[in-house]
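# Report on the structure
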Amino acid sequence: MRYFFTLMLLLVPILGVWTFVEADRWQLWFPQNVSSFGGEIDGLFNLILYMVGFTFIVTELALAWFVFKFSANRPGKAVFTHGSHKLEMIWTAIPAVALLFIAFSQMETWAKVKFESNFPKGGKYTKERPIAELWASQFDWRVCYPGDDGAIGTADDLERSYEFVVPVNTDIVFHLRSRDVIHSFFVPEFRLKQDALPGHTIPVWFRAEKEGIYDLVCAELCGWGHYKMSGRMTVVSQAEFDKRMADIKAEWFSNGKEQGQ
Amino acid sequence: MSQATTHAANSPHLEPGEGEAGTVRAHHDHHELGFLRKWIFSVDHKVIGMQFLFSGLVFLALGGLMAMAIRYQLAWPWRPMPGLAWMFPATGGAISPEFYTMLFTMHGTIMIFFVMIPLLTGAFGNFLIPLMIGAPDMAFPKLNMFGYWAMVPAFFFILLGFFVEGGHAAGGWTSYPPLSTIESAAPGSLTGQTCWLLGLTWVGVSSMMGAVNYVTTIVKMRAPGLTMMRLPLTIWGLLITSLLQLFALPVLTAAGILQLLDRTLNTGFFTPTNLQVNNITPDSFLYGADAVGAAAGGQPLLWQHLFWFYSHPAVYILVLPAMGFTSDILAVHARKPIFGYKPMVYSMSAIAGLGFIVWGHHMFTSGMNPALGMTFMVSTVMIALPSAIKVFNWLGTLWGGRIHLRTPMLFACAFVSMFIIGGLSGIWMAATPVDIYIHDTYIVVAHFHYVVFAGSLFAIFAAAYHWFPKMFGRVMNETVGKVHFVGSFIFTNMTFYMMHQVGVAGLMRRTADPYAYDVYQHLQPINEFITISAFCMFAWQIFFVVNFFHSMFWGKRVGRNPWNAASLEWDAPSPPGHGNFDRQLEVYRGAYEFSSPDVAEDFIPQTRKL
């Protein structure tokens, strides 16, 4: 029986590591990254993966080995010890250093993505002139682009539901708002998530580095229709973006604002 | 023995719990109680423990069934569930999106507040505390009885919610407002959410009475000679858990009442200004005047802070007693003293202390000031340190032992194995930038199921097998127990392990049909695999149910100390009578004197004088 149970405990690290190695091949790994900071986030994930993976393998193997080796079949009594001060010091100090290293290694990227003071400045769609307001509500997304006056909340605003079009390789700041309950802006390919909080305007920034159409996902439970609260993040070239904006404007003013709603 | 008899003779009408700590209550001289006094309105901690145990197991089955329905929907969205058309005539047996949101809300609520907390502290806490500290009963037996009876309105409200208009609460077990407070935001926010809040408030009342009782009993009623540093780690785990409840629970109760006021008296603690719920579209959707709660001025984030200020410590309430059980079971079945007893106590205390300053890690993406996220990250990462120390000490306890692989030991080893996984994956979530991506994905689901299901529930199984002889005077069948273990261990890992990778692929929690998004469509086959594993794991529990009830009546009878354990509960008869012990206890040492070279046997009971 001891062999059998040891094998079961051994299967945990073996299959555990195997599934992580194969995950990419099974398409059970990160979707492609298209944002400027996404690579850093993946890198930090992998840094932790290697550190916890090492700990995982060592502790699980030790557990299986001890269960096998120190079976009741062996003669004599168990080792009579109440512990070792030296060992306690070692396995307190080493993980403490490793954990502090993990914590401090995260700070730069976190500050870069979320601290408003670190948001890109001086660009076409940055802090001073956000590209749009993104409104979340049960169960859709609406984008409100400023009109020619560059200010949101004025008569010439352009509204569009479902699709959020942005130019590629440009620092984008937008304002995230919610009309009713809490929602969350999540684009897996951007590695970006931010809750939309009713009563608050939350600035968010990203820089998409590859043209394409990506799913905009609501990541915070927002009611029965949460699962279908999808949107589309369309990243296009600057020329295409200008054309799209002209189209949106033409459509918006020719059909009356009701169309946009 | 003569001293003991004298004492019992001098105070024949003592209620349990009265009298000096460690005094003797001859159990057989107590007058017979009627059925109602003995089994229903009992003040005996053992019977109250059983009441918590059985109601907890019933709710475990209910919560488990809900999990199966959730898994069914994730594998085969919108497909009618075979044989359940009678339950859902409107959809022909299929799960509607409204029902799905209710399912995962109530699965979480029931599993945490009606299964894990009652089982760990209510059932095993009640049963074990007086026995392991050598007391005749709890310090306040009547309060203990009220503690269970406060659960009855909790059961009533939480079950009532399923039958009210709009169905039960559907705002997630976290019940974030405004979704949970605005009636038009979700069907479950009509009346179901009120039932949910009332149910939880009563659970809080029950836990509070229990916690006061446990702390007082452990501090005041230890047998002579049983110093704090001689206590079994199970008792330490339960003591620290009770302290956590005493300090954190009032916050949840207060927050629940605020939310109740928001819902019933239209206060605006959590409702921001200018809300427009349920597609009421005024002239301009941007700055409408026709808004719900136009002047409320509340803060949705306030609820999140209050809720997590309780609910993060609650995670440790769910795991500290389990760590205690595991420590005791590992030592007994490995015939080894606990490796590093004091570091174990200190690390449990550190987990509890740090547990109060980490709640913000649930809110990294919530819109909370990101600078706060930075400090919460450091405290959260550091809480992994005491957990790591505990794992190393468990391994140290096994090292050099003479390990008997009986069923409780197998479950305890499995706890260590899977707690490692759950603990390590937590580091990803603690790391703020990584959490931006993995927040609310399945990697979080994998993480907390590895801690609470694969961890705490396996420890509960271990404890059930280990202390069953003390509860009923019989042992559970060892072969069936091993069969139960093997299937549970394999299927649990098959169910939860791959959720890590699914989460890395970005799959979110709480979506009724993830395949509505292109980015998740390729995840259906793996979800089907997880679902089938979960079904097998659920079905496998029949071995436990049958073994448990069969052994209760027809199991092999055993004496007081079938495992040759050293702690005090094994000094009492199996099952212990009213008043627990039949002789005067005097404690001379800690609970883990196994394999000492000083004696011929491989253990020294705490009560033996050398």
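No experiment lies behind these values; they were computed from the predicted model shown. (Residues numbered from 1 in each chain as written. Chains lettered and ligands numbered in written order. Predicted model: local features only at pLDDT ≥ 70, side-chain atom pairs only at ≥ 80, totals over all residues. Heavy atoms only, no water.)

## Here's the deal with the interface of chain B and chain A
Listed per partner, the contact involves 125 residues of chain B and 104 residues of chain A. Of the roughly 9800 Å² buried where chain B meets chain A, counting both sides, 73% is carbon and sulfur surface. Our count for the contact surface shared by chain B and chain A stands at 0 salt bridges. The tally of links from chain B across to chain A stands at 32 residue pairs in polar contact (both at pLDDT 80 or more). Looking at the side of chain B that touches chain A, the elements with two or more residues in it are α4 (97–133), α9 (300–334), α10 (341–355), α11 (370–398), α12 (407–430), α13 (432–438), α15 (478–496) and α16 (498–504) of chain B. (Contact = heavy atoms within 4.5 Å. Buried area = accessible area lost by both parts, 1.4 Å probe. Salt bridge = Lys/Arg side-chain N within 4 Å of Asp/Glu carboxyl O. Polar contact = N/O pair within 3.5 Å; in protein donor to acceptor, adjacent residues only side chain to side chain. Helix = DSSP H or I, 4+ residues; strand = E, 2+ residues; numbered from the N terminus.)

## Focus on the sheet that holds strand β5 (residues 172–178) of chain A
Residues and elements named next belong to chain A. Read from one edge of the open sheet, 5 strands run β3-β2-β1-β5-β8, paired in mixed fashion. Only two strands of the sheet have a single neighbouring strand rather than two, namely β3 (158–161) and β8 (202–206). Sheet twist, expressed as the mean angle between neighbouring strand axes with direction ignored, is 25 degrees. Looking at chain direction, strand β2 (residues 140–145) and β3 are connected through 4 bridges and run antiparallel. Across the sheet, the residue bridging to Arg-142 is Ser-161, located in β3. (Pairing = 2+ DSSP bridges. Axes fitted to C-alpha atoms, helices over the stretch in contact; angles between N-to-C directions.)

## A look at the packing of aromatic side chains
Inspection of the entire model under this criterion finds 82 aromatic pairs over all chains. Ring centres 6.5 Å apart and planes at 65 degrees place the aromatic pair Tyr145(A) and Phe241(A) in the edge-to-face group. Here the residue Tyr145(A) occupies a position in strand β2, and Phe241(A) occupies one in helix α4 (residues 238–254), the gap between them amounting to 96 residues. Among the residues examined, Tyr145(A) registers a relative accessible area of 1% and is labelled buried. You can call Phe241(A) buried: its relative accessible area is 3%. On the basis of an interplanar angle of 85 degrees and a centroid distance of 5.5 Å, the ring pair of Trp394(B) and Phe415(B) is categorised as edge-to-face. Here Trp394(B), found in helix α11, pairs with Phe415(B), found in helix α12; they are 21 residues apart in sequence, far enough to count as distant. The two residues Trp394(B) and Phe415(B) agree in class, both being buried. One Lys or Arg, Arg191(A), reaches over the ring of Tyr437(B) and ends 5.1 Å from the middle of that ring. Residue placement shows Lys193(A) over the ring face of Phe186(A); its charged tip is 4.0 Å from the ring centre. (Phe/Tyr/Trp six-rings, centres within 6.5 Å; stacked < 30°, edge-to-face > 60°. Buried < 20%, exposed > 50% of the residue type's maximum accessible area, 1.4 Å probe, protein only. Lys NZ or Arg CZ within 6 Å of the ring centre and 35° of its normal.)

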